[in-house]
Amino acid sequence: MPSLFIDGQWVASGDGTCSPVVNPSDGTVVAEVDVATDAQVQAAIAAARRAFDSTNWPRTPVTERATLLARVADLIDRDLETLAVDETQNTGKAMRESRWDMADVAKVFRYYARLAGDEADARSVDTGNPDATSRIVQEPVGVCALIAPWNYPLLQLSWKIAPALAAGNTAVMKPAQVTPLSAIHLTRLLEEAGTPAGVVNLVLGPGERVGQALADSPDVDLISLTGGIEAGRQLLRGAAVNIKRVALELGGKSPNIVFADADFETALDNALTAAFVHSGQVCSAGCRAIVQDDIYDRFVEEIGRRADLIRLGHGSDDATEAGALISAEHRDKVERYVRGAIDEGARLVAGGRRPDDAHLQGGFYYRPTVFADVRREMRIVREEVFGPVLTIERFSTEEEAIELGNDTTYGLAGAVWTADPARAERVARRLRHGTVWINDYNTYIPEAEWGGFKQSGIGRELGPSGLDEYREAKHIWENTAPAPTGWFGG
(Lines give C-alpha, C1' and ligand atoms only; values in the text may rest on other atoms or scores of the structure.)
Protein backbone atom coordinates (compact mmCIF):
# COMPACT_ATOMS: atom_id res chain seq x y z
CA MET A 1 0.00 0.00 0.00
CA PRO A 2 1.45 3.44 -0.92
CA SER A 3 2.72 5.43 2.06
CA LEU A 4 3.03 9.01 0.73
CA PHE A 5 -0.01 11.29 0.98
CA ILE A 6 -0.01 14.23 -1.43
CA ASP A 7 -2.98 16.43 -2.30
CA GLY A 8 -5.50 13.96 -0.92
CA GLN A 9 -4.05 10.90 -2.68
CA TRP A 10 -1.96 7.99 -1.44
CA VAL A 11 0.95 7.52 -3.83
CA ALA A 12 4.07 5.37 -4.13
CA SER A 13 7.60 6.67 -4.52
CA GLY A 14 8.10 8.35 -7.86
CA ASP A 15 11.24 6.35 -8.56
CA GLY A 16 10.34 3.16 -6.70
CA THR A 17 12.69 3.80 -3.77
CA CYS A 18 11.61 2.25 -0.47
CA SER A 19 13.08 2.32 3.02
CA PRO A 20 12.92 -0.51 5.59
CA VAL A 21 11.37 0.00 9.01
CA VAL A 22 13.40 -2.08 11.45
CA ASN A 23 12.02 -3.17 14.82
CA PRO A 24 14.79 -2.27 17.30
CA SER A 25 13.61 -5.05 19.64
CA ASP A 26 14.77 -7.86 17.37
CA GLY A 27 16.27 -6.32 14.23
CA THR A 28 13.50 -7.60 11.96
CA VAL A 29 12.14 -5.57 9.05
CA VAL A 30 8.45 -4.94 9.80
CA ALA A 31 7.61 -2.80 6.77
CA GLU A 32 8.91 -1.16 3.62
CA VAL A 33 7.75 2.42 3.08
CA ASP A 34 7.98 4.72 0.09
CA VAL A 35 10.64 7.42 -0.04
CA ALA A 36 9.56 10.69 -1.63
CA THR A 37 11.49 11.99 -4.61
CA ASP A 38 12.50 15.65 -4.75
CA ALA A 39 9.64 16.25 -7.18
CA GLN A 40 7.14 14.66 -4.79
CA VAL A 41 8.34 16.83 -1.90
CA GLN A 42 7.76 19.88 -4.07
CA ALA A 43 4.35 18.51 -5.11
CA ALA A 44 3.37 18.17 -1.44
CA ILE A 45 4.45 21.75 -0.75
CA ALA A 46 2.51 22.94 -3.82
CA ALA A 47 -0.60 21.06 -2.68
CA ALA A 48 -0.44 22.65 0.75
CA ARG A 49 0.14 26.05 -0.85
CA ARG A 50 -2.90 25.69 -3.11
CA ALA A 51 -5.07 24.48 -0.24
CA PHE A 52 -4.10 27.52 1.80
CA ASP A 53 -4.24 30.14 -0.96
CA SER A 54 -7.13 28.90 -3.11
CA THR A 55 -9.60 27.06 -0.86
CA ASN A 56 -11.79 28.08 2.04
CA TRP A 57 -9.87 26.02 4.59
CA PRO A 58 -8.13 29.00 6.31
CA ARG A 59 -11.50 30.71 6.60
CA THR A 60 -13.40 27.64 7.77
CA PRO A 61 -15.33 28.53 10.93
CA VAL A 62 -13.24 27.63 13.93
CA THR A 63 -16.06 25.48 15.27
CA GLU A 64 -15.74 23.23 12.20
CA ARG A 65 -11.99 22.87 12.66
CA ALA A 66 -12.52 22.08 16.34
CA THR A 67 -15.07 19.42 15.42
CA LEU A 68 -12.61 17.83 13.01
CA LEU A 69 -9.89 17.69 15.69
CA ALA A 70 -12.30 16.14 18.18
CA ARG A 71 -13.26 13.54 15.56
CA VAL A 72 -9.57 12.68 15.08
CA ALA A 73 -9.21 12.24 18.86
CA ASP A 74 -12.12 9.78 18.84
CA LEU A 75 -10.52 7.82 15.98
CA ILE A 76 -7.23 7.66 17.88
CA ASP A 77 -9.09 6.22 20.86
CA ARG A 78 -10.71 3.67 18.56
CA ASP A 79 -7.35 2.60 17.07
CA LEU A 80 -5.24 3.08 20.20
CA GLU A 81 -3.98 -0.49 20.42
CA THR A 82 -3.04 -0.62 16.73
CA LEU A 83 -1.28 2.72 17.00
CA ALA A 84 0.59 1.53 20.09
CA VAL A 85 1.78 -1.56 18.21
CA ASP A 86 2.95 0.67 15.37
CA GLU A 87 4.86 2.86 17.82
CA THR A 88 6.49 -0.07 19.60
CA GLN A 89 7.55 -1.56 16.26
CA ASN A 90 8.83 1.91 15.28
CA THR A 91 10.88 2.55 18.38
CA GLY A 92 11.36 -0.62 20.43
CA LYS A 93 9.78 1.00 23.49
CA ALA A 94 7.64 -1.06 25.84
CA MET A 95 3.97 -1.36 24.92
CA ARG A 96 2.90 0.25 28.19
CA GLU A 97 4.85 3.35 27.14
CA SER A 98 3.32 3.33 23.67
CA ARG A 99 -0.21 3.01 25.04
CA TRP A 100 0.47 5.93 27.34
CA ASP A 101 1.79 7.96 24.40
CA MET A 102 -1.25 7.25 22.23
CA ALA A 103 -3.64 8.25 25.00
CA ASP A 104 -1.69 11.51 25.28
CA VAL A 105 -1.94 12.07 21.52
CA ALA A 106 -5.74 11.93 21.80
CA LYS A 107 -5.58 14.39 24.72
CA VAL A 108 -3.56 16.83 22.61
CA PHE A 109 -6.12 16.79 19.79
CA ARG A 110 -8.96 17.27 22.27
CA TYR A 111 -7.16 20.12 24.00
CA TYR A 112 -6.66 22.06 20.78
CA ALA A 113 -10.20 21.33 19.67
CA ARG A 114 -11.39 22.87 22.92
CA LEU A 115 -8.92 25.77 22.86
CA ALA A 116 -9.69 26.67 19.26
CA GLY A 117 -13.40 26.68 20.02
CA ASP A 118 -12.91 28.90 23.07
CA GLU A 119 -10.51 31.43 21.53
CA ALA A 120 -11.93 34.82 20.60
CA ASP A 121 -11.45 35.75 16.95
CA ALA A 122 -10.42 39.32 17.71
CA ARG A 123 -9.32 41.62 20.51
CA SER A 124 -10.50 45.21 20.61
CA VAL A 125 -8.09 47.98 21.52
CA ASP A 126 -9.15 51.31 22.99
CA THR A 127 -8.12 53.94 20.45
CA GLY A 128 -9.01 56.98 22.53
CA ASN A 129 -10.79 58.23 19.42
CA PRO A 130 -14.59 57.99 19.11
CA ASP A 131 -14.24 57.94 15.33
CA ALA A 132 -11.88 54.96 15.10
CA THR A 133 -11.86 51.30 16.02
CA SER A 134 -8.84 49.05 16.44
CA ARG A 135 -8.88 45.24 16.39
CA ILE A 136 -6.21 42.54 16.69
CA VAL A 137 -7.24 39.48 14.71
CA GLN A 138 -5.50 36.12 14.63
CA GLU A 139 -4.88 34.50 11.26
CA PRO A 140 -3.09 31.29 10.25
CA VAL A 141 0.58 31.52 9.29
CA GLY A 142 0.18 29.53 6.05
CA VAL A 143 1.99 26.39 4.93
CA CYS A 144 3.69 24.62 7.83
CA ALA A 145 6.42 21.99 7.54
CA LEU A 146 6.26 19.69 10.58
CA ILE A 147 9.28 17.49 11.26
CA ALA A 148 8.97 14.90 14.03
CA PRO A 149 11.69 12.92 15.88
CA TRP A 150 12.20 9.18 16.18
CA ASN A 151 11.88 8.85 19.96
CA TYR A 152 8.24 10.01 20.27
CA PRO A 153 7.15 9.84 16.63
CA LEU A 154 3.41 10.40 16.99
CA LEU A 155 3.22 12.26 20.28
CA GLN A 156 5.51 15.04 19.16
CA LEU A 157 3.93 15.16 15.71
CA SER A 158 0.58 15.71 17.44
CA TRP A 159 2.05 18.69 19.29
CA LYS A 160 2.54 20.27 15.86
CA ILE A 161 -0.30 19.14 13.60
CA ALA A 162 -3.14 19.66 16.11
CA PRO A 163 -2.47 23.38 16.76
CA ALA A 164 -1.52 23.95 13.11
CA LEU A 165 -4.92 22.68 11.95
CA ALA A 166 -6.74 24.39 14.81
CA ALA A 167 -5.34 27.73 13.58
CA GLY A 168 -6.36 27.07 9.95
CA ASN A 169 -2.97 26.26 8.44
CA THR A 170 -2.08 23.63 5.88
CA ALA A 171 0.80 21.22 6.48
CA VAL A 172 3.44 18.93 5.10
CA MET A 173 4.38 16.35 7.74
CA LYS A 174 7.70 14.52 7.76
CA PRO A 175 8.29 11.87 10.43
CA ALA A 176 11.77 10.50 11.07
CA GLN A 177 12.77 8.09 8.32
CA VAL A 178 13.22 5.18 10.73
CA THR A 179 9.88 5.60 12.55
CA PRO A 180 7.09 6.47 10.06
CA LEU A 181 4.45 3.83 10.90
CA SER A 182 2.33 5.76 13.40
CA ALA A 183 2.47 8.94 11.31
CA ILE A 184 1.13 7.00 8.31
CA HIS A 185 -1.72 5.70 10.48
CA LEU A 186 -2.49 9.19 11.81
CA THR A 187 -2.62 10.54 8.25
CA ARG A 188 -5.23 7.90 7.41
CA LEU A 189 -7.25 8.99 10.43
CA LEU A 190 -7.01 12.65 9.38
CA GLU A 191 -8.30 11.60 5.97
CA GLU A 192 -11.09 9.54 7.53
CA ALA A 193 -12.08 12.46 9.75
CA GLY A 194 -12.73 14.59 6.66
CA THR A 195 -9.64 16.79 6.34
CA PRO A 196 -9.90 18.43 2.88
CA ALA A 197 -7.47 17.43 0.12
CA GLY A 198 -4.16 19.28 0.27
CA VAL A 199 -4.59 20.49 3.85
CA VAL A 200 -2.44 17.66 5.24
CA ASN A 201 0.35 16.00 3.26
CA LEU A 202 2.84 13.31 4.29
CA VAL A 203 6.30 12.83 2.81
CA LEU A 204 8.90 10.29 3.92
CA GLY A 205 12.64 10.26 3.48
CA PRO A 206 15.95 11.39 4.96
CA GLY A 207 16.03 14.64 6.87
CA GLU A 208 19.11 15.98 5.15
CA ARG A 209 17.25 15.91 1.83
CA VAL A 210 13.48 15.96 2.47
CA GLY A 211 13.56 18.04 5.65
CA GLN A 212 16.06 20.47 4.19
CA ALA A 213 13.91 20.93 1.08
CA LEU A 214 11.03 21.95 3.32
CA ALA A 215 13.24 24.46 5.13
CA ASP A 216 14.61 25.85 1.88
CA SER A 217 11.27 26.27 0.09
CA PRO A 218 9.97 29.84 -0.28
CA ASP A 219 6.44 28.38 -0.34
CA VAL A 220 6.73 27.13 3.26
CA ASP A 221 5.84 29.82 5.80
CA LEU A 222 6.79 28.01 9.02
CA ILE A 223 8.98 25.07 9.91
CA SER A 224 8.72 23.20 13.20
CA LEU A 225 11.37 20.65 14.10
CA THR A 226 11.90 18.41 17.08
CA GLY A 227 15.32 16.84 16.73
CA GLY A 228 19.05 17.17 17.30
CA ILE A 229 20.92 20.42 17.55
CA GLU A 230 22.83 19.93 14.29
CA ALA A 231 19.59 19.31 12.39
CA GLY A 232 18.23 22.49 13.93
CA ARG A 233 21.23 24.51 12.81
CA GLN A 234 20.93 23.20 9.25
CA LEU A 235 17.24 24.04 9.06
CA LEU A 236 17.85 27.51 10.47
CA ARG A 237 20.32 28.19 7.67
CA GLY A 238 17.71 27.25 5.07
CA ALA A 239 14.92 29.14 6.80
CA ALA A 240 17.08 32.27 7.04
CA VAL A 241 17.17 32.64 3.26
CA ASN A 242 13.46 33.41 3.04
CA ILE A 243 12.93 34.50 6.68
CA LYS A 244 10.29 31.90 7.50
CA ARG A 245 9.04 31.36 11.02
CA VAL A 246 10.87 28.67 12.94
CA ALA A 247 10.00 26.59 16.01
CA LEU A 248 12.72 24.26 17.31
CA GLU A 249 12.93 21.77 20.18
CA LEU A 250 16.49 20.49 20.22
CA GLY A 251 17.00 18.38 23.31
CA GLY A 252 18.58 18.86 26.69
CA LYS A 253 20.92 17.78 29.44
CA SER A 254 18.51 17.96 32.32
CA PRO A 255 19.54 18.29 35.99
CA ASN A 256 17.65 16.36 38.65
CA ILE A 257 18.61 18.03 41.94
CA VAL A 258 18.08 16.03 45.14
CA PHE A 259 18.45 17.71 48.53
CA ALA A 260 19.15 15.65 51.63
CA ASP A 261 15.78 16.51 53.18
CA ALA A 262 13.82 14.99 50.27
CA ASP A 263 11.98 11.72 50.80
CA PHE A 264 14.82 9.38 49.85
CA GLU A 265 12.79 6.48 48.49
CA THR A 266 10.55 8.70 46.37
CA ALA A 267 13.41 10.73 44.97
CA LEU A 268 15.39 7.59 44.16
CA ASP A 269 12.47 5.87 42.46
CA ASN A 270 11.75 8.93 40.34
CA ALA A 271 15.42 9.36 39.47
CA LEU A 272 15.39 5.88 37.93
CA THR A 273 12.29 6.72 35.91
CA ALA A 274 13.69 10.10 34.88
CA ALA A 275 16.87 8.55 33.53
CA PHE A 276 15.78 5.20 32.08
CA VAL A 277 12.23 5.48 30.67
CA HIS A 278 12.45 4.66 26.93
CA SER A 279 16.05 3.65 27.63
CA GLY A 280 17.00 7.28 28.19
CA GLN A 281 16.00 8.29 24.65
CA VAL A 282 14.01 11.25 25.94
CA CYS A 283 14.89 14.88 25.32
CA SER A 284 14.02 15.80 28.91
CA ALA A 285 15.60 12.72 30.52
CA GLY A 286 16.92 13.38 34.01
CA CYS A 287 20.37 12.22 32.96
CA ARG A 288 22.23 14.42 35.48
CA ALA A 289 21.43 13.55 39.09
CA ILE A 290 22.86 16.28 41.33
CA VAL A 291 22.79 14.97 44.88
CA GLN A 292 23.60 16.62 48.22
CA ASP A 293 26.65 15.42 50.16
CA ASP A 294 24.75 13.96 53.12
CA ILE A 295 22.98 11.33 51.02
CA TYR A 296 25.35 11.07 48.04
CA ASP A 297 27.06 7.75 48.84
CA ARG A 298 23.81 6.05 49.83
CA PHE A 299 22.07 7.37 46.71
CA VAL A 300 24.86 6.16 44.40
CA GLU A 301 24.91 2.69 45.91
CA GLU A 302 21.16 2.20 45.85
CA ILE A 303 20.48 3.61 42.39
CA GLY A 304 23.26 1.45 40.98
CA ARG A 305 21.76 -1.63 42.60
CA ARG A 306 18.30 -0.88 41.24
CA ALA A 307 19.56 0.00 37.76
CA ASP A 308 21.05 -3.49 37.55
CA LEU A 309 17.59 -4.95 38.26
CA ILE A 310 15.78 -3.18 35.39
CA ARG A 311 14.28 -5.77 33.02
CA LEU A 312 15.22 -5.25 29.40
CA GLY A 313 13.05 -6.92 26.81
CA HIS A 314 11.12 -6.94 23.58
CA GLY A 315 8.71 -4.03 23.30
CA SER A 316 5.75 -6.37 22.84
CA ASP A 317 6.47 -8.22 26.11
CA ASP A 318 4.33 -6.81 28.92
CA ALA A 319 7.07 -7.72 31.42
CA THR A 320 9.52 -5.36 29.73
CA GLU A 321 10.56 -2.35 31.80
CA ALA A 322 12.95 -0.83 29.25
CA GLY A 323 13.29 -1.60 25.56
CA ALA A 324 15.98 -1.39 22.92
CA LEU A 325 17.84 1.59 21.55
CA ILE A 326 16.66 2.84 18.18
CA SER A 327 19.46 1.32 16.08
CA ALA A 328 22.81 -0.41 16.12
CA GLU A 329 24.44 2.87 15.09
CA HIS A 330 22.89 4.71 18.01
CA ARG A 331 24.00 2.00 20.43
CA ASP A 332 27.54 2.37 19.08
CA LYS A 333 27.35 6.09 19.83
CA VAL A 334 26.25 5.41 23.42
CA GLU A 335 29.10 2.94 23.84
CA ARG A 336 31.61 5.54 22.68
CA TYR A 337 30.34 7.94 25.34
CA VAL A 338 30.64 5.25 28.01
CA ARG A 339 34.21 4.41 27.02
CA GLY A 340 35.07 8.10 27.00
CA ALA A 341 33.65 8.59 30.49
CA ILE A 342 35.74 5.72 31.84
CA ASP A 343 38.82 7.14 30.14
CA GLU A 344 38.15 10.53 31.78
CA GLY A 345 38.00 8.93 35.21
CA ALA A 346 34.28 8.55 35.92
CA ARG A 347 33.42 5.65 38.24
CA LEU A 348 31.17 3.03 36.63
CA VAL A 349 28.55 1.95 39.17
CA ALA A 350 26.15 -0.07 36.99
CA GLY A 351 25.75 -1.23 33.42
CA GLY A 352 28.24 -0.04 30.85
CA ARG A 353 27.69 -3.05 28.60
CA ARG A 354 25.32 -4.89 26.32
CA PRO A 355 23.11 -7.50 28.00
CA ASP A 356 24.22 -11.15 27.96
CA ASP A 357 20.68 -12.59 27.65
CA ALA A 358 20.41 -14.86 24.63
CA HIS A 359 16.91 -13.68 23.72
CA LEU A 360 18.10 -10.07 23.44
CA GLN A 361 20.97 -10.60 21.03
CA GLY A 362 18.96 -9.75 17.91
CA GLY A 363 17.97 -6.28 19.16
CA PHE A 364 19.85 -3.10 19.99
CA TYR A 365 19.95 -3.30 23.78
CA TYR A 366 22.23 -1.62 26.31
CA ARG A 367 22.16 -2.02 30.07
CA PRO A 368 21.09 1.00 32.16
CA THR A 369 24.37 2.66 33.08
CA VAL A 370 25.27 4.77 36.11
CA PHE A 371 28.41 6.86 36.61
CA ALA A 372 29.45 8.47 39.90
CA ASP A 373 32.28 10.85 40.83
CA VAL A 374 31.92 12.75 37.58
CA ARG A 375 33.18 16.27 36.98
CA ARG A 376 31.24 18.95 35.20
CA GLU A 377 33.84 19.30 32.43
CA MET A 378 33.49 15.66 31.33
CA ARG A 379 31.82 15.03 27.97
CA ILE A 380 29.45 12.53 29.61
CA VAL A 381 28.13 15.42 31.76
CA ARG A 382 28.08 18.13 29.10
CA GLU A 383 26.87 16.41 25.91
CA GLU A 384 23.52 14.80 25.19
CA VAL A 385 24.07 11.03 25.10
CA PHE A 386 20.40 10.24 24.44
CA GLY A 387 20.69 6.79 25.92
CA PRO A 388 20.39 4.90 29.22
CA VAL A 389 23.24 6.72 30.97
CA LEU A 390 22.91 8.55 34.30
CA THR A 391 25.68 10.65 35.82
CA ILE A 392 25.68 11.61 39.51
CA GLU A 393 27.27 14.85 40.71
CA ARG A 394 27.76 16.01 44.30
CA PHE A 395 26.85 19.37 45.85
CA SER A 396 26.95 20.94 49.31
CA THR A 397 24.94 24.16 49.27
CA GLU A 398 21.79 25.41 47.58
CA GLU A 399 23.83 27.94 45.62
CA GLU A 400 26.13 25.21 44.35
CA ALA A 401 23.17 23.08 43.27
CA ILE A 402 21.74 25.96 41.23
CA GLU A 403 25.11 26.69 39.67
CA LEU A 404 25.55 23.06 38.62
CA GLY A 405 21.97 22.84 37.34
CA ASN A 406 22.49 25.85 35.09
CA ASP A 407 25.98 24.85 33.94
CA THR A 408 24.84 23.52 30.57
CA THR A 409 24.36 24.91 27.08
CA TYR A 410 20.89 23.35 27.14
CA GLY A 411 17.83 24.45 29.06
CA LEU A 412 14.90 22.15 28.40
CA ALA A 413 13.91 20.73 31.78
CA GLY A 414 15.02 20.07 35.32
CA ALA A 415 13.76 19.11 38.76
CA VAL A 416 14.30 19.82 42.42
CA TRP A 417 13.54 17.42 45.28
CA THR A 418 13.20 18.86 48.78
CA ALA A 419 10.82 18.92 51.75
CA ASP A 420 11.31 22.70 52.08
CA PRO A 421 8.66 24.55 49.98
CA ALA A 422 10.53 27.86 50.14
CA ARG A 423 13.74 26.25 48.92
CA ALA A 424 11.87 24.43 46.17
CA GLU A 425 10.43 27.71 44.90
CA ARG A 426 13.78 29.52 45.07
CA VAL A 427 15.58 26.82 43.12
CA ALA A 428 12.80 26.36 40.58
CA ARG A 429 12.72 30.08 39.82
CA ARG A 430 16.49 30.29 39.35
CA LEU A 431 16.95 27.23 37.14
CA ARG A 432 17.22 28.33 33.50
CA HIS A 433 15.10 25.57 32.02
CA GLY A 434 11.76 25.65 30.20
CA THR A 435 10.10 23.16 32.56
CA VAL A 436 11.02 22.67 36.20
CA TRP A 437 9.38 19.97 38.29
CA ILE A 438 9.21 20.13 42.08
CA ASN A 439 9.16 16.69 43.72
CA ASP A 440 8.18 15.08 40.41
CA TYR A 441 9.67 14.28 37.03
CA ASN A 442 8.64 14.03 33.36
CA THR A 443 4.96 14.81 33.84
CA TYR A 444 3.33 17.16 31.35
CA ILE A 445 -0.15 18.23 30.32
CA PRO A 446 -1.31 19.65 26.98
CA GLU A 447 -2.52 22.80 28.73
CA ALA A 448 1.02 23.81 29.81
CA GLU A 449 3.73 25.15 27.51
CA TRP A 450 6.76 23.03 26.63
CA GLY A 451 10.06 24.26 25.25
CA GLY A 452 13.59 25.20 26.12
CA PHE A 453 15.93 28.00 27.07
CA LYS A 454 19.35 28.48 25.49
CA GLN A 455 20.31 25.85 22.90
CA SER A 456 17.30 23.66 23.70
CA GLY A 457 15.29 25.54 21.13
CA ILE A 458 13.12 28.40 19.93
CA GLY A 459 9.43 28.84 20.68
CA ARG A 460 6.94 26.77 22.65
CA GLU A 461 4.69 23.80 22.00
CA LEU A 462 1.50 22.94 23.89
CA GLY A 463 -0.60 25.37 25.88
CA PRO A 464 -1.99 28.59 24.39
CA SER A 465 1.51 29.51 23.21
CA GLY A 466 1.57 26.32 21.15
CA LEU A 467 -1.43 27.63 19.23
CA ASP A 468 0.09 31.10 18.90
CA GLU A 469 3.14 29.62 17.14
CA TYR A 470 0.81 28.85 14.21
CA ARG A 471 -0.99 32.20 14.11
CA GLU A 472 -0.18 35.70 12.91
CA ALA A 473 -1.52 38.75 14.72
CA LYS A 474 -2.98 41.35 12.37
CA HIS A 475 -3.95 44.87 13.42
CA ILE A 476 -7.03 46.32 11.67
CA TRP A 477 -7.69 50.03 12.21
CA GLU A 478 -10.89 51.57 10.93
CA ASN A 479 -11.61 55.28 10.72
CA THR A 480 -15.39 55.51 11.01
CA ALA A 481 -15.55 59.21 10.10
CA PRO A 482 -12.92 59.74 7.39
CA ALA A 483 -12.10 63.32 6.46
CA PRO A 484 -9.21 65.25 4.89
CA THR A 485 -6.27 65.66 7.25
CA GLY A 486 -5.16 69.09 6.05
CA TRP A 487 -1.58 68.05 6.80
CA PHE A 488 -0.26 69.64 3.61
CA GLY A 489 -1.56 72.87 2.21
CA GLY A 490 -2.55 73.26 -1.40
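The structure displayed is predicted, hence computed values, not measured ones.

*Asks:* Where do I start with the overall build of the protein in this structure?
*Replies:* A count of helical and extended segments in the protein gives 15 helices and 20 strands. Compactness check: the protein gives a C-alpha radius of gyration of 24 Å against a globular reference of 23 Å for 490 residues, within 12% of the reference. Each of the three principal axes of the protein carries a C-alpha extent, and together these read 85 × 55 × 40 Å. In the protein, which comprises 490 residues, the proportion classed as buried is 57%. Within the protein, contacts between residues separated by at least 24 positions form 74% of all contacts whose residues are at least 6 apart in sequence.

*Asks:* Explanation requested: the sheet that holds strand S14 (residues 347–350) in the structure shown.
*Replies:* Picture the strands of a sheet paired through backbone hydrogen bonds; they go either parallel or antiparallel. Pairing is mixed in the open sheet, where 7 strands are placed in the order S14-S15-S16-S13-S12-S17-S18. Lying at the two open borders of the sheet, with one neighbouring strand each, are S14 and strand S18 (435–438). Recorded for the sheet is a direction-independent mean angle of 20° between the axes of neighbouring strands. In the sheet, strand S15 (residues 369–372) pairs with strand S16 (residues 389–395) via 3 bridges, with the strands oriented parallel. By the bridge assignment, Thr369 is partnered in S16 with Val389. Running at roughly 170° to S16, helix H10 (residues 293–307) makes contact with strand S12 (255–258), strand S13 (288–292), S14, S15 and S16 of the sheet. Packed on one face of the sheet, helix H13 (residues 398–406) meets S12, S13 and S16 and runs near 145° to S16.

*Asks:* Can you walk me through the sheet that holds strand S5 (residues 122–125) in this structure?
*Replies:* Across the sheet, which stays open at both edges, the 3 strands sit in the order S5-S6-S20 with antiparallel pairing between neighbours. The sheet terminates laterally at S5 and strand S20 (471–479), the two strands that pair on one side only. On average, each strand axis in the sheet is inclined to that of its neighbour by 25°, with strand direction left out of account. In this sheet, strand S6 (residues 132–140) lies alongside S5 in antiparallel orientation, the contact comprising 4 bridges. Bridge pairing links Ser124 to Arg135 in S6.

*Asks:* Could you clarify how one ought to interpret the layout of surface pockets in this entry?
*Replies:* A water-sized probe rolled over the atoms picks out the places where empty space is left. In this structure, the largest pocket spans a volume of roughly 1,300 Å³. Taken together, 48 residues make up the lining of the largest pocket; nearest its centre are Pro149, Trp150, Gly227, Gly228 and Ala231. Among the elements of the structure, strand S3 (18–22), helix H7 (207–216), strand S10 (222–226), helix H8 (229–242) and helix H11 (328–343) are those that each provide at least two residues to the lining of the largest pocket. Grouping the constituent residues of the lining of the largest pocket by class yields 22 nonpolar, 17 polar and 9 charged. Its boundaries defined by the atoms lining it, the second largest pocket holds a volume of some 500 Å³. Sorting the residues of the lining of the second largest pocket by element identifies helix H4 (95–118), helix H5 (153–167) and helix H9 (264–276) as the ones contributing at least two each.

*Asks:* Whenever I open this one, unusual backbone geometry confuses me. Can you help?
*Replies:* Excluding glycine, residues mostly have negative phi values, and the peptide bonds linking residues are mostly trans. Despite not being glycine, Asp373 shows a phi value in the positive range, around 55°. Following the sequence through the fold, Asp373 ends up in the loop between S15 and helix H12 (379–382). The exposure class assigned to Asp373 is partly exposed, which follows from its relative accessible area of 36%. One non-glycine residue with positive phi stands out, namely Asn442, at about 65°.

*Asks:* Before we go on, may I ask you to explain the nonpolar core in this structure?
*Replies:* As a rule of thumb, nonpolar side chains are buried together in soluble globular proteins. Core analysis: the largest hydrophobic core is formed by 128 residues, its most contacted members being Phe109, Tyr112, Ile161, Phe299 and Ile392. If you tally residues by element for this core, the top one is H4, at 11 residues. Ignoring any residue separated from it by four or fewer positions in sequence, one finds Tyr112 in contact with Leu69, Ala162, Pro163, Ala166, Leu462, Gly463, Gly466 and Leu467. Core analysis: the second largest hydrophobic core is formed by 14 residues, Val334, Tyr337, Tyr366 and Phe371 among them.

*Asks:* When you look at the packing of helix H2 (residues 62–78) against H4 in this model, what are you seeing that I'm missing?
*Replies:* A pair of packed helices is characterised by two quantities: the angle between their axes and the separation of those axes. Between H2 and H4, the shortest axis-to-axis distance is 8 Å and the interhelical angle comes to 165°. On the basis of the axis angle, H2 is roughly antiparallel to H4. Viewed along their axes, H2 and H4 form a crossing whose handedness is left-handed. Contacts from Val62, Ala66, Leu69, Ala70, Val72, Ala73, Asp74, Ile76 and Asp77 of H2 reach H4 at Met102, Val105, Ala106, Phe109, Arg110, Tyr112, Ala113, Ala116 and Gly117.

*Asks:* In this structure, what is going on with the side chain of Glu461? I would like to understand it.
*Replies:* Within the element layout of this structure, Glu461 appears in the loop between strand S19 (457–458) and helix H15 (463–468). Glu461 sits in the buried class, given a relative accessible area of 7%. A polar atom in the side chain of Glu461 sits 3.0 Å from the side chain of Lys160. Residues in contact with Glu461, not counting those within four places in the same chain, are Trp159, Lys160, Ser224, Thr226, Glu249, Ala448, Glu449, Trp450 and Gly466.

*Asks:* Would you explain the pairing of S13 in this entry?
*Replies:* Each regular strand displays side chains that alternate between the two surfaces of the sheet. With respect to burial, S13 is a largely interior element, 5 of its 5 residues being buried. A two-sided burial pattern is seen for S13, the buried positions comprising Arg288, Ile290 and Gln292 on one face and Ala289 and Val291 on the other. Examined bridge by bridge, S12 and S13 share 4 bridges and lie parallel to one another. Within the sheet, the bridge partner assigned to Val258 lies in S13 and is Val291. In this fold, S12 hands off to H9, which returns the chain to S13; that crossover is right-handed. Sheet analysis places S13 next to S16, joined by 5 bridges and oriented parallel. Considered in S16, the bridge of Gln292 is made with Phe395.

*Asks:* Where do I start with the environment of Pro206 in this structure?
*Replies:* For Pro206, the position within the fold is in the loop between strand S9 (200–202) and H7. Separated by 29 residues in the primary sequence, Pro206 and Gln177 have C-alpha atoms spaced 5.7 Å apart. Residues within four places of Pro206 in sequence aside, it is in contact with Val35, Lys174, Gln177 and Gly211.

Definitions and cut-offs
- Residues numbered from 1 in each chain as written.
- Predicted model: local features only at pLDDT ≥ 70, side-chain atom pairs only at ≥ 80, totals over all residues.
- Heavy atoms only, no water.
- Helix = DSSP H or I, 4+ residues; strand = E, 2+ residues; numbered from the N terminus.
- Rg over C-alpha atoms; globule rule 2.2 N^0.38 Å.
- Buried < 20%, exposed > 50% of the residue type's maximum accessible area, 1.4 Å probe, protein only.
- Contact = heavy atoms within 4.5 Å.
- Pairing = 2+ DSSP bridges.
- Axes fitted to C-alpha atoms, helices over the stretch in contact; angles between N-to-C directions.
- 1 Å grid on protein atoms, 1.4 Å probe; cavity = no way out; pocket = protein on both sides within 12 Å on 5 of 7 lines; lining within 4 Å.
- Points joined across faces, edges and corners; volume = space filled by probe spheres on them.
- Nonpolar A, V, L, I, M, F, W, Y, C, P; charged D, E, K, R; others polar.
- Core = buried A, V, L, I, M, F, W, Y, C linked by side-chain atoms within 4.5 Å.
- Parallel < 35°, antiparallel > 145°, perpendicular 65-115°, else oblique.
- Left-handed = near helix turned anticlockwise from the far one by under 90°.
- Polar contact = N/O pair within 3.5 Å; in protein donor to acceptor, adjacent residues only side chain to side chain.
- Right-handed = clockwise from strand over helix to strand, strands pointing away.

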